Amino acid sequence: METVSENRSFEGTQGVYSHRSEACSCDMTFGLFLPAEAADGPVPVLWFLSGLTCTHENAMTKAGAQAWAAEHGVALVFPDTSPRGDDVPDDEAYDLGKGAGFYVNATQDPWARHFHMWDYVSDELPGVLAEHFALDMDRQAITGHSMGGHGALTLAMSLPGRFRSVSAFAPICHPTQSDWGRKQLGAYLGDDETVWAPHDATLLMREAGFDGPVLVDTGTDDQFGDLLGTEHLAQAMAARRQEGQLRLQKGYDHSYFFISSFVEDHVAFHAAALYR
């Protein structure tokens, strides 16, 4: 692992690090904010999975989460959204290829060699973090935005006991029934739609739900609202009587202005679960 940069931030450290990824067969970069408490011992971990076109840097620099993570003594992890490198395949469209890993393990060419973001986020990167930093990996929570909200919800529901809480900002809720999903799941996983189901938050909520609290925020003026399927997840949560809240925030869109407006709520929500 190599240190790309480290900056003082809210009495803690905002770092950027790179390492060779076996899961993605390329070098990967991630951001990690460590609060001041990490100097005295392991601290709990909150993951932030970013959306389409993003790298590790977008949420790290735009969401404003560090101030609230410092207040609660929580580390923040900002993974990249896809494999990177000259030999990594890409697509001319913004919603496939680099910046659009969709947090799945691709099985179809040309994506199958590198696009294993599920394994990277669920297994490989946690191992790197545990080896190199003062983190309490028994206390983890996860959040994300848009495609990253999809990833946060599907990982949380598919890995019982891993995360104490899950939240999302404007997540893609029902990708098997959305243009933001059918295109990517078909490209990465093939035409068999039964293979897509484990990567659909609405279907997972209907089948099993989450073994902890859920918080979802979506803006009423989200310009991608028709692609998100928020109403499907809301119906599934209600039918399952899932512990949680799904909030529609009046006048907000899909941008980081929306995320930064409510990130304090989300960090506090997770801190309550991590420290309970």
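Residues numbered from 1 in each chain as written. Predicted model: local features only at pLDDT ≥ 70, side-chain atom pairs only at ≥ 80, totals over all residues. Heavy atoms only, no water.

1. Thoughts on the packing of helix H3 (residues 117-132) against helix H4 (residues 147-158)
Where H3 contacts H4, the two axes come as close as 12 Å, and the packing angle between them is 60 degrees. Judged by the angle between their axes, H3 and H4 are oblique. Handedness of the crossing formed by H3 with H4: right-handed. Of the residues in H4, those in contact with Trp118, Val121 and Ser122 of H3 are Thr154, Leu155 and Ser158. (Axes fitted to C-alpha atoms, helices over the stretch in contact; angles between N-to-C directions. Helix = DSSP H or I, 4+ residues; strand = E, 2+ residues; numbered from the N terminus. Parallel < 35°, antiparallel > 145°, perpendicular 65-115°, else oblique. Left-handed = near helix turned anticlockwise from the far one by under 90°. Contact = heavy atoms within 4.5 Å.)

2. Quick notes on the pairing of strand S4 (residues 43-49)
With 7 of 7 residues buried, S4 lies mostly within the body of the structure. In this structure, S4 lies alongside strand S6 (residues 135-144), joined through 6 bridges in parallel fashion. Among the inter-strand pairings, Val43 is bridged to a residue of S6, identified as Leu135. (Buried < 20%, exposed > 50% of the residue type's maximum accessible area, 1.4 Å probe, protein only. Pairing = 2+ DSSP bridges.)

3. So, the nonpolar core
Formed by 88 residues in total, the largest nonpolar core has its most connected members in Leu32, Leu135 and Tyr188. A per-element tally of this core places helix H9 (residues 256-274) first, with 8 residues. Beyond its immediate stretch of four places on either side in the chain, Leu135 contacts Leu32, Leu34, Pro42, Val43, Val45, Ala75 and Leu129. (Core = buried A, V, L, I, M, F, W, Y, C linked by side-chain atoms within 4.5 Å.)

4. Observations regarding the pattern of salt bridges
Under the definition given, this model contains 9 salt bridges. Between Lys183 and Asp95 there is a salt bridge, with the nearest N and O atoms lying 2.7 Å from each other. With Lys183 in helix H5 (residues 179-189) and Asp95 in the loop between strand S5 (75-78) and H3, this residue pair connects regions lying 88 residues apart in the sequence. A relative accessible area of 36% places Lys183 in the partly exposed class. Residues Arg182 and Glu193 are paired through a salt bridge, measuring 2.6 Å at the closest nitrogen-oxygen approach. Separated by 11 residues along the polypeptide, Arg182 in helix H5 and Glu193 in the loop between H5 and helix H6 (201-207) bring together distant segments of the chain. (Salt bridge = Lys/Arg side-chain N within 4 Å of Asp/Glu carboxyl O.)

5. Notes on the packing of aromatic side chains
Under the counting rule described, the total for this entry stands at 13 aromatic pairs. Residues Phe48 and Phe78 carry aromatic rings whose centres are separated by 6.2 Å and whose planes lie at 40 degrees to one another, so their mutual orientation is tilted. Here Phe78 lies in strand S5 and Phe48 lies in strand S4, a separation of 30 residues in the sequence. There is no split in this pair, since Phe48 and Phe78 are both buried. Counting every residue linked through ring pairs, the aromatic cluster contains Phe48, Phe78, Phe169, Tyr252, Phe258 and Phe262. (Phe/Tyr/Trp six-rings, centres within 6.5 Å; stacked < 30°, edge-to-face > 60°.)

The analysis is restricted to geometry; functional conclusions fall outside its scope.
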